[in-house]
Amino acid sequence: MLNWFQKIVYSIPLPVPNSIKIVLVILIFLTILGLFYYLKVLPFLNKLKIIKKLRDLHTRNLFPSDIVENAQFWYIKQNCKSLIPSDLGYKQSDLQDLFEKITEIIEMPDKHKYSLILGEAGLGKTSFCINFYMNYLKNMKNKFNIELFPLYDTETTRKIRDINKKNKTVLLLDALDEDPQIHQNFGYRLKEIIERTEGFQKVIITCNPRLFQMKIAKHSNKILYHSKEYGPTSLIKTVFYMIQILPFSDEQIFCYIEKKYKNTNPVKFQRSQQIVKSLPKLFSKPIMFHYIDTLVQKDITVKYSYEIFKEFVSLFLEQDGKNIKGITRNTLKACYKVIAFAMFNKKNEQGSDYISKSEIQALGKKYNIDIFNICCTHKGLLKHSNDLYTFIHLSIMEYLVAESILSGHFPNKKVRLSKQIFLFLYEMIEKESPFKKSVPPKPGLFRYLCSAGIDMKSLNLQNANMVGTDFSDLNIDGLNLSGSNLQGAEFYLTTVKDTNFTSANLSNVTFRRTEIKNANMRKCTFYSTKFN
């Protein structure tokens, strides 16, 4: 080794002493070694670090493995708008890439310590957090550490406390609206989160905007938040930089299916294009692409959004049925419906997206079936944090509630039905209406839907079976009931102006204090029909 080193030194054609040549050789060797470490060893160590971090995301039950995988391989960058305070409330900034915006905020040393990313359910807030987290870890030029935690995990507060070098760390906190404590005491919990994260370089929180009512202090950058459920008693004043995440554009939708299918499976690529074109608004939410594989593989023709959730629930029931012995799919689905309905009522009463283990067990006692062990002891439609359970997506709960309503299980009329439940009901009635089957509908269904605010006039109930339906005190002006079987129906103080009864069976129908002057009753069957 020494002879080899001497040969190198003596072979250097420079008119300088050998001692200087030795120093030069050592410097060159150290430079090569440093470059090798920087270009090869350091990236390899960083890659191992990233793999460990990603593994931790699902091995510690922080995020489901399928969500981590989707975020890692199929994520499409989304756009956002900043919500800038003004005297009139807030105004929106120009369109901007969400990745670039958050990177820009992190690089501002003295501005926007707290940022709030707002987005409706399914708009990709969690996928963004995971993908941004991965990309930030990969970039060795970043001067800060980064940590990611979901706020629905009850251990998150402790984990935040245990982080070292907080002033050198960017903290991503996902799903504030799914934090169990935020619904128990909004003001206290939000203050606690702010106090526990004050030492961090930047804090970026994602949340569904329905959690907040927003007020903006005039002439300042301060935003006042208070909970819809708890009102002004939990008023909190803090500085948040507000960012609104936007749905997929048509270009981004196409980019996703192209990335996933074009080079791997041209047939699936063509099929997915057809599905997306049939329901473009539905697929503006990235969450819906988690379900598109099922539709593509089964070669299902989709016309309505509820059909996607119908197939998705059916797939899970099929998988769950294999894990649970002695339980039929119908029984399993009925149990999920019971949980969905209870959760829906709790959400309306308390604003909570969760139902506890004890509440599910109480439901089991009520219906004399072990609902908890059937639905909650395996990977199914529910996810949980400790003993608090919720559906893997809000729209699945809403779909099951819509099915329950069509089956005759009506929540209180004062309960506010979500827009998604309204949409599911519209679609289900239009395609699979119980009014169009040979068996009469569940008692009171039509009445409930009308009183709940659904405008039934947009539906075509031609040739419907509406035997014994109670139309009292309802406005059915303009409804098409031509050819319908209305035998034994009750019309009391009903608005039927311009209603089309052509060729309908009005036998034993009672019209009391109902103005029928402009109703079309040509070719109707009148047998024992009463007009008072």
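Residues numbered from 1 in each chain as written. Predicted model: local features only at pLDDT ≥ 70, side-chain atom pairs only at ≥ 80, totals over all residues. Heavy atoms only, no water.

Sorry if this is basic, but what is going on with a nonpolar patch on the surface here?
On the surface, I20, V23, L24, L27, I28 and I32 cluster together into a nonpolar patch covering about 530 Å² of accessible area. By secondary structure assignment, the location of I28 is in helix 2 (residues 18-59). (Patch = residues over 30% accessible without salt bridge, like charges linked within 9 Å, V, L, I, M, F, W, Y side chains within 5 Å. Areas by Shrake-Rupley, 256 points an atom, 1.4 Å probe, with all protein chains shown as cover. Salt bridge = Lys/Arg side-chain N within 4 Å of Asp/Glu carboxyl O. Helix = DSSP H or I, 4+ residues; strand = E, 2+ residues; numbered from the N terminus.)

What's the story with unusual backbone geometry in this structure? I'm lost.
The general pattern is negative phi for most residues beyond glycine and trans for most peptide bonds. For K165, which is not glycine, the phi torsion reads 50° and is therefore positive. Here the phi dihedral of S528 falls at roughly 60°; this positive angle occurs in a residue that is not glycine.

Explanation requested: helix 9 (residues 250-262) in the structure shown.
Within an α-helix, residues lying three or four positions from one another point in the same direction, as the helix has 3.6 residues per turn. Counted at 1.5 Å a residue, the expected span for helix 9 with its 13 residues is 18 Å, and the 17 Å between its end C-alpha atoms agrees. Within the span of helix 9, buried status applies to Q252, I253, Y256, I257, K260 and Y261. All buried residues of helix 9 fall inside an arc of 140° around its axis, so they share one side. (Expected span 1.5 Å × (residues − 1). Buried < 20%, exposed > 50% of the residue type's maximum accessible area, 1.4 Å probe, protein only. Arc of directions from axis to C-beta.)

Could you clarify how one ought to interpret the packing of aromatic side chains in this entry?
Where two aromatic rings form a pair, the distance of their centres and the angle of their planes describe that pair. Evaluation of the coordinates by the stated rule reveals 17 aromatic pairs. Taken together, a centroid distance of 4.7 Å and an interplanar angle of 15° make the contact between F491 and F511 stacked. Of this pair, F491 sits in strand 15 (residues 490-492) while F511 sits in strand 16 (residues 510-512), and the two are 20 residues apart along the sequence. In terms of burial, F491 and F511 fall into one category: buried. (Phe/Tyr/Trp six-rings, centres within 6.5 Å; stacked < 30°, edge-to-face > 60°.)

Looking at this model, I keep getting lost on the side chain of T197. Mind explaining?
Tracing the backbone shows T197 in the loop between helix 8 (186-196) and strand 7 (202-207). The residues contacting T197, other than those within four sequence positions of it, are K113, Y114, I160, L171, L173 and V203. (Contact = heavy atoms within 4.5 Å.)

How should I be thinking about the sheet that holds strand 16 in this particular structure?
Adjacent strands of a sheet form backbone hydrogen bonds with each other and so pair up, either parallel or antiparallel. The three strands lie next to each other as 15-16-17, forming an open sheet whose pairing is parallel. In this open sheet, the two edge strands, each paired with only one partner strand, are strand 15 and strand 17 (530-531). The pairing of strand 15 with strand 16 spans three bridges and is classified as parallel. If you follow Y492 over to strand 16, its bridge partner there is R512. (Pairing = 2+ DSSP bridges.)

Any chance you could explain the packing of helix 4 (residues 98-106) against helix 5 (residues 125-138) here in plain terms?
Describing two packed helices takes the angle between their axes plus the distance from one axis to the other. Two elements in contact, helix 4 and helix 5, have axes whose closest approach is 11 Å; the angle formed by their N-to-C orientations is 60°. As far as their axial angle goes, helix 5 and helix 4 are oblique. For helix 4 against helix 5, the interelement crossing comes out right-handed. Packed against helix 4, whose contacting residues are L98, F99, I102, T103 and I106, the element helix 5 presents F128, N131, F132, N135 and Y136 at the interface. Looking at side-chain class alone, the contact of helix 4 with helix 5 contains seven nonpolar, three polar and no charged residues. (Axes fitted to C-alpha atoms, helices over the stretch in contact; angles between N-to-C directions. Parallel < 35°, antiparallel > 145°, perpendicular 65-115°, else oblique. Left-handed = near helix turned anticlockwise from the far one by under 90°. Nonpolar A, V, L, I, M, F, W, Y, C, P; charged D, E, K, R; others polar.)

Explain the nonpolar core to me, please; I cannot follow it from the model alone.
It is characteristic of soluble globular proteins that their nonpolar side chains tend to be buried jointly. Counting 62 residues, the largest nonpolar core has F283, F289, Y336, I339, C375 and F391 as its most contacted members. Looking at this core element by element, the count peaks at nine residues for helix 13 (residues 329-350). Leave out the neighbours within four places in its chain, and F391 touches Y336, I339, A340, M343, L381, L382, K383, I396, M397 and L400. (Core = buried A, V, L, I, M, F, W, Y, C linked by side-chain atoms within 4.5 Å.)

Got a minute to help me understand empty space enclosed by the protein in this structure?
Empty space among the atoms becomes apparent when a probe as large as a water molecule is rolled across them. Counted according to the given criterion, the structure contains one cavity of 30 Å³ or more. If you add up the space inside the largest cavity, you get close to 50 Å³. Lining the largest cavity, in full, are L151, T156, T157, I160, L173, R189, I193, R196 and T197. Every element with two or more residues in the lining of the largest cavity is listed here: helix 6 (156-161) and helix 8. Residues belonging to the lining of the largest cavity are distributed by class as follows: four nonpolar, three polar and two charged. (1 Å grid on protein atoms, 1.4 Å probe; cavity = no way out; pocket = protein on both sides within 12 Å on 5 of 7 lines; lining within 4 Å. Points joined across faces, edges and corners; volume = space filled by probe spheres on them.)

Before we go on, may I ask you to explain the confidence of the model for the chain in this structure?
Interpretation of this model should avoid reading the predicted coordinates in detail wherever pLDDT is low. Per-residue pLDDT for the chain has a mean of 77; in total, 75% of the residues score no lower than 70. Taken together, the stretch residues 213-235 has pLDDT below 50 and engages in 66 contacts with residues farther than four places along the chain or on a different chain. (pLDDT = per-residue confidence, 0-100.)

Help me understand the pattern of salt bridges, please; the structure alone is not making it clear to me.
Where side chains of opposite charge bring their charged atoms close, a pairing between them can arise. In total, this model carries 12 salt bridges according to the counting rule given. When the shortest N-O distance is used, the salt bridge between E104 and K101 registers 3.4 Å. Taken together, the residues E104 and K101, both in helix 4 and three residues apart, mark about one turn of the helix. Relative accessible area serves as the criterion here: at 7%, K101 is assigned to the buried category. Of the charged contacts in the structure, one is a salt bridge between E359 and K346, with a shortest N-O distance of 2.9 Å.

It is not clear to me how the side chain of S395 should be interpreted in this structure. Could you clarify?
With respect to the helices and strands, the residue S395 is situated in helix 16 (residues 394-406). Sequence-distant contacts of S395, that is, excluding residues within four places in its chain, are made with F309, Q420 and F424.

How should the pairing of strand 14 (residues 388-391) be read in this particular structure?
For a regular strand, the rule is simple: side chains alternate between the two faces of the sheet. Going residue by residue along strand 14, you find L388 and T390 tucked away on one face and Y389 and F391 tucked away on the opposite face as well. As judged from the two bridges shared by strand 12 (residues 355-356) and strand 14, these two strands associate in the antiparallel manner. Bridging across to strand 14, S356 finds its partner in L388.

Please explain helix 16 as it appears in this structure.
Taking 1.5 Å of rise per residue, the 13 residues of helix 16 would be expected to cover 18 Å, and the 19 Å separating its terminal C-alpha atoms lies within 8% of that figure. Burial runs high along helix 16: 12 of the 13 residues are buried. All of the buried residues in helix 16 are S395, I396, M397, E398, Y399, L400, V401, A402, E403, S404, I405 and L406. Phi turns positive one or two residues past the end of helix 16, at G408, with a value near 100°.

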